[in-house]
Amino acid sequence: MTSPSVSLSRRGLLAGTAVASAAAVTATVVTSPAAAAVPVRAAASAVIQDGIATARLAAPAALQPDLHERLGAWLAFWSANSPRRWSVPTEVVGVADSAGAAFTLRAIRVVVDDRPRDAFLAGRADHAHLGTLASLHHHFGQVTVAADGGLRVVDGAAGFTGSPEQVAFAVAACRELWGVRTAGATGWRHQVGRLDAASRSGWAAFTRTALRRGLRTDTY
């Protein structure tokens, strides 16, 4: 398979978690008493799925219905922001955890000029990897990068929490996709765009633009 993006180092992203943990990064999270009192809903049973949105799963996976639905919305979002000459995703490679509440993405395949192509591949360090990571942060609150480059998501609403994983991604995106080499764990949020990138609307805009820059559908 040919690569849709130029190669870059993922060292800053994988190492960024440790940097973000050491930095004094504080996120303001407001929890109302009413919200805190809402009982935790029991997880639904996982259901065997053979596809996500338009794409088939390379291997069927047992996923909880809410996670499967959120993955479908994410993949449609990723596809809508991909280059026009790419087909909609035809195949997704990934694996679910034993409870079906988490999913690790390893590849997204499309068709370009009548040829199959790995638009995202876990082990390939390129802009598409960082852009795809951005798309997952747009839809999920918990996203982690495995040592082999796989992207693991846990079902749950999106939003900025200030987690080390989010900050590591944000710093890497500023440096690699925006070219702001001075971006750091304590100052990245005001270095690109007009909004505070850690606000509700700012995080949505930041991750959406990072996706488009990663897939080369946004002007630099």
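Each remark here, short or long, concerns the structure printed above.
Residues numbered from 1 in each chain as written. Predicted model: local features only at pLDDT ≥ 70, side-chain atom pairs only at ≥ 80, totals over all residues. Heavy atoms only, no water.

A. Structural context of the overall build of the protein chain. A tally of regular secondary structure across the protein chain gives six helices and seven strands. Along the chain direction, N to C, the helices and strands of the protein chain fall in the order α-α-β-β-α-β-β-β-α-β-β-α-α. Within the protein chain, the proportion of its 220 residues that are buried is 45%. Within the protein chain, contacts between residues separated by at least 24 positions form 58% of all contacts whose residues are at least 6 apart in sequence. A total of about 10,900 Å² of accessible surface is found on the protein chain, and carbon and sulfur atoms cover 54% of it. (Helix = DSSP H or I, 4+ residues; strand = E, 2+ residues; numbered from the N terminus. Buried < 20%, exposed > 50% of the residue type's maximum accessible area, 1.4 Å probe, protein only. Contact = heavy atoms within 4.5 Å. Areas by Shrake-Rupley, 256 points an atom, 1.4 Å probe, with all protein chains shown as cover.)

B. Geometry of the pairing of strand β6 (residues 142-145). Here β6 runs beside strand β7 (residues 151-154); their pairing, made up of four bridges, is antiparallel. Across the sheet, residue glutamine 142 finds its bridge partner in β7, namely valine 154. Here β6 folds back onto β7, and the loop between the two strands holds five residues, one of which, glycine 149, carries a positive phi near 90 degrees. (Pairing = 2+ DSSP bridges.)

C. Looking closely at the nonpolar core. Ranked by size, the top nonpolar core spans 51 residues in total, and within it Phe103, Phe169, Trp188 and Phe206 carry the most contacts. For this core, the secondary structure elements donating two or more residues are β2 (55-63), α3 (65-80), β4 (102-112), β5 (115-121), α4 (127-139), β7, α5 (164-176) and α6 (200-214). Ranked by residue count, the leading element in this core is α5, at seven residues. (Core = buried A, V, L, I, M, F, W, Y, C linked by side-chain atoms within 4.5 Å.)

D. The arrangement of the packing of aromatic side chains in detail. In the structure shown here, the tally under the stated rule is nine aromatic pairs. With a centroid separation of 5.1 Å and 55 degrees between ring planes, the pair formed by phenylalanine 160 and tryptophan 203 is classed as tilted. In this pair, phenylalanine 160 sits in the loop between β7 and α5 while tryptophan 203 sits in helix α6, placing the two residues 43 residues apart along the sequence. Judged by relative accessible area, which is 16%, phenylalanine 160 ranks as buried. In this structure tryptophan 203 comes out as buried when scored by relative accessible area, which is 2%. Within the aromatic cluster, the residues linked to one another by ring pairs are Phe160, Phe169, Trp178, Trp188, Trp203 and Phe206. (Phe/Tyr/Trp six-rings, centres within 6.5 Å; stacked < 30°, edge-to-face > 60°.)

E. Geometry of α4. Here α4 spans 19 Å end to end across 13 residues, near enough to the 18 Å set by a 1.5 Å rise per residue. With 13 of its 13 residues buried, α4 lies for the most part within the structure. (Expected span 1.5 Å × (residues − 1).)

F. Fine view of the pairing of β2. In terms of strand pairing, strand β1 (residues 47-52) meets β2 through five bridges, oriented antiparallel. Bridging across to β2, isoleucine 52 finds its partner in alanine 55. Count of turn residues in the β1/β2 antiparallel hairpin: two residues, of which alanine 53 carries a positive phi of about 50 degrees. Summarising the sheet, β2 and strand β3 (residues 91-96) pair through two bridges and their orientation is parallel. Bridged to leucine 57 within β3 is valine 92. Regarding the hand of the β-α-β motif, the stretch spanning β2, α3 and β3 is left-handed. (Right-handed = clockwise from strand over helix to strand, strands pointing away.)

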